[in-house]
Amino acid sequence: MMSKIIVRGGKKLSGRVRIHGAKNAVLPIIAASILGSEGESVIHDAPPLDDVNVINQVLESLGIEVEYKDESIRVNAKHVRTCEASYELVRKMRASFLVMGPLLTRMGHARISLPGGCAIGTRPIDQHLKGFEAMGANIELGQGYIEARVSGKLKGAKIYLDVASVGATENIMMAATLAEGTTLIENAAKEPEIVDLANYLNAMGAKIRGAGTGLIRIDGVEWLTGAVHTVIPDRIEAGTYMIAAAITRSDLFIEGAIADHLRPVISKMQEMGVQINEDENGLRVYADRPLRAVDVKTLPYPGFPTDMQSQMMALLLVAEGTGIVTETVFENRFMHVEQMANMNAQIKVDGRTAVVSGGNRLRGAKVCASDLRAGAALILAALAAEGDTEITGLHHIDRGYVDITEKLAQLGADIQRVPLEVIELEEEETALPLFAVQPSLA
Ligand SMILES: CC(=O)N[C@H]1[C@@H](OP(=O)(O)OP(=O)(O)OC[C@H]2O[C@@H](n3ccc(=O)[nH]c3=O)[C@H](O)[C@@H]2O)O[C@H](CO)[C@@H](O)[C@@H]1O
Ligand SMILES: C=C(OP(=O)(O)O)C(=O)O
């Protein structure tokens, strides 16, 4: 049912919040489970999110058995019935494209709907395709689908990525596991989710070294089997709750957060005056003094994550002074700015840079989430605002946050989720762009 979140700002939070498994790790891991032609995979700590349901449906549409219960997914990929992922499913989530590498290398063929761009940018897939081609695949484009074929096996190759793309690194790494010979990925992305995927693939029998560095080496093997794996905690969910603590001047324990995955977020928040204690079970985050503005530039890992940019901007709104936020990863990831302005925020955007003036009293307003992290940032701003904020566009937030309303309410926030009224339903339908605007290759 379509609904909205209502937040009455100004409440202090306290207590512990449990961080779920990482969305951006579990999605490629589920795609990789296609590679297990013998035995079953069991993937633990799979967060109950809309995106996880979508990728599970993609696997089921390929004829693979998937059972999802109590945050564990059991996959039996012995039989693959078809190598085609439909527009209906890929349209719902770009990450569905990650099934291309596994299908191509195991079955020699994959036909996947072109993933569109989305609100945050055009998001081409040229680097994925460049990798498959270098391994000997023939790629054809037609009727909104990308079809890749190889006669015999893929061949190991040296692939230099023009941009350190997370998705391209994952897709190529998966394809290379069953290729003949050795693949080297140069300028590979180094995100923790890539290391998690490599650990799972190695547990399946793959031979991958160097994941987490800019040079990944994959020695192809004959076949892979299912494996048991536990997904890493979600560093972006953790970072979002860290900001919830700071923005409300509260004291929270973020259970399960891995400090090493959050270095840039921890450093920037400390620079602002937020206190952070590292513990082996998580992070204690508290803010007991005025916060200072800082400048933030998003970069591939280990730089500051683009997926935390909008939440950090929310925090800058309550700091003293002016902070400059530069978004270098996606070309259009400032959609939250206009919505924040409705809440009395002062932000000026010029291209990839936003100048954020802190110290203005935030006021509750009706706002709409344009994408996942924009939605999270609006909830955070609402926690610190005077009066009521109503947030719509919740399907974006549901892609990536498990029970965010319940978790925040349990920490003491005045927040609830209620059904949309008829008139609001009509407004929501004509509001902001949803997804899959323009398919693009380059
Ligand atoms: C499911 C998942 O894990 N999503 C994450 C993943 O997305 P995703 O894997 O899509 O992001 P990429 O790292 O591929 O994209 C980074 C940049 O590279 C560009 N690019 C990418 C591929 C390509 O073939 N050509 C190209 O030019 C993109 O347009 C973008 O500007 O990493 C992003 C960057 O950390 C995160 O924001 C997303 O949350
Ligand atoms: C942009 C994100 O996800 P996706 O790549 O799935 O759109 C995100 O997790 O913030």
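Residues numbered from 1 in each chain as written. Chains lettered and ligands numbered in written order. Predicted model: local features only at pLDDT ≥ 70, side-chain atom pairs only at ≥ 80, totals over all residues.

Colleague: Talk me through the overall build of the protein; I want residue IDs and the actual numbers.
Modeller: Scanning the protein from N- to C-terminus turns up 15 helices and 26 strands. Taking 2.2 N^0.38 as the reference for a compact globule, 442 residues should give roughly 22 Å; the C-alpha atoms of the protein span a radius of gyration of 22 Å, in line with that estimate. If one aligns the C-alpha atoms of the protein with their principal axes, the spans along those axes are about 65 × 45 × 40 Å. Residue burial in the protein is summarised as follows: out of 442 residues, 54% are buried. Restricting to contacts in the protein with at least 6 residues of sequence separation, those with at least 24 account for 73%. (Helix = DSSP H or I, 4+ residues; strand = E, 2+ residues; numbered from the N terminus. Rg over C-alpha atoms; globule rule 2.2 N^0.38 Å. Buried ≥ 20, exposed ≤ 12 C-beta atoms within 10 Å, placed from the backbone. Contact = placed C-beta atoms within 7 Å.)

Colleague: Account for the confidence of the model for the protein, with residues named and values stated.
Modeller: Of the residues in the protein, 97% have a pLDDT of 70 or more, and the chain-wide mean is 95. Taken together, the stretch residues 433-442 has pLDDT below 50 and engages in 24 contacts with residues farther than four places along the chain or on a different chain. On the interface metric, ipTM, the complex scores 0.99, and its pTM is 0.96. (pLDDT = per-residue confidence, 0-100.)

Colleague: Can you break down the UniProt feature "active site" (unreviewed entry) in the protein residue by residue, with the values?
Modeller: The UniProt record annotates "active site" (unreviewed entry) at Cys118. Checked against the element boundaries, cysteine 118 lands in the loop between β8 (109-113) and α5 (126-134). According to the C-beta neighbour criterion, cysteine 118 is buried, with 22 such atoms within 10 Å. (UniProt positions renumbered as here; feature names shortened; annotations may be inferred.)

Colleague: Can you explain the site of ligand 1? Please cite residues and give values.
Modeller: Taken together, 21 residues surround ligand 1, and among them Asn24, Gln127, Ser165, Val166 and Gly167 come closest. Of all the elements in the fold, those that place two or more residues in the shell around ligand 1 are α1 (23-32), α5 and α6 (166-177). Here the shell around ligand 1 spans two domains, since at least three of its residues come from each of domain 1 (3-20 + 233-430) and domain 2 (23-222). (Near = placed C-beta within 6 Å. Domains from an automatic or database assignment.)

Colleague: Outline α1, supporting the account with residue identities and numerical values.
Modeller: Of all the ten residues making up α1, ten are buried; the element is thus mostly covered by neighbouring parts of the structure. Of the residues making up α1, those classed as buried are Lys23, Asn24, Ala25, Val26, Leu27, Pro28, Ile29, Ile30, Ala31 and Ala32.

Colleague: How would you explain the UniProt feature "domain: Enolpyruvate transferase" (unreviewed entry) in the protein if you had to name every residue and give the values?
Modeller: UniProt feature "domain: Enolpyruvate transferase" (unreviewed entry): in the numbering of this structure it lies at residues 7-408. Helix makes up 32% of residues 7-408 and strand makes up 26%, while its end C-alpha atoms are separated by 10 Å.

Colleague: Summarise the packing of helix α10 (residues 309-316) against helix α12 (residues 372-384); cite the residues concerned and give the values.
Modeller: In contact at an axis separation of 7 Å, α10 and α12 are set at 20° when each is read in the N-to-C sense. Judged on the interaxial angle alone, α12 and α10 are roughly parallel. In the packing of α10 onto α12, the handedness of the crossing is right-handed. Contacts from Ser310, Gln311, Met313 and Ala314 in α10 reach Arg373, Ala374, Ala376, Ala377, Leu380 and Ala381 in α12. (Axes fitted to C-alpha atoms, helices over the stretch in contact; angles between N-to-C directions. Parallel < 35°, antiparallel > 145°, perpendicular 65-115°, else oblique. Left-handed = near helix turned anticlockwise from the far one by under 90°.)

Colleague: Break down helix α7 (residues 192-203) for me, with residues and values.
Modeller: End to end, α7 covers 17 Å across twelve residues, agreeing with the expected 16 Å (1.5 Å per residue, within 8%). Most of α7 is tucked away: nine of the twelve residues are buried. Where the residues of α7 are buried, they touch α1, α6, β13 (207-209), β16 (228-230) and α8 (235-247). (Expected span 1.5 Å × (residues − 1).)

Colleague: Explain the site of ligand 2 residue by residue, including any values.
Modeller: Neighbouring ligand 2 are the residues Asn24, Arg94, Ala95, Asp307, Leu372, Arg373 and Gly400. Within the shell around ligand 2, the residues separate by chemical class into two nonpolar, two polar and three charged. Split by domain, the residues of the shell around ligand 2 number at least three in each of domain 1 (3-20 + 233-430) and domain 2 (23-222). (Nonpolar A, V, L, I, M, F, W, Y, C, P; charged D, E, K, R; others polar.)

Colleague: Could you give an account of the sheet that holds strand β22 (residues 346-350), naming the residues involved and the relevant values?
Modeller: Strand-to-strand pairing in sheets goes through backbone hydrogen bonds, with the strands running parallel or antiparallel. Read from one edge to the other, the open sheet built from four strands follows the order β20-β21-β23-β22, with strand pairing classed as mixed. Two strands in the sheet have a free side with no partner beyond their single neighbour: β20 (296-297) and β22. Relative to strand β23 (residues 353-357), β22 runs antiparallel, the two sharing five bridges. Within the sheet, the bridge partner assigned to lysine 348 lies in β23 and is valine 355. (Pairing = 2+ DSSP bridges.)

Colleague: A description of the pairing of strand β5 (residues 65-69) should follow, citing residues and the corresponding values.
Modeller: Look at any regular strand and the pattern is simple: side chains alternate between the two faces of the sheet. In this structure, β5 lies alongside strand β6 (residues 72-76), joined through five bridges in antiparallel fashion. Its bridge partner being in β6, glutamate 67 is matched across the sheet by arginine 74. Count of turn residues in the β5/β6 antiparallel hairpin: two residues, of which aspartate 70 carries a positive phi of about 50°.

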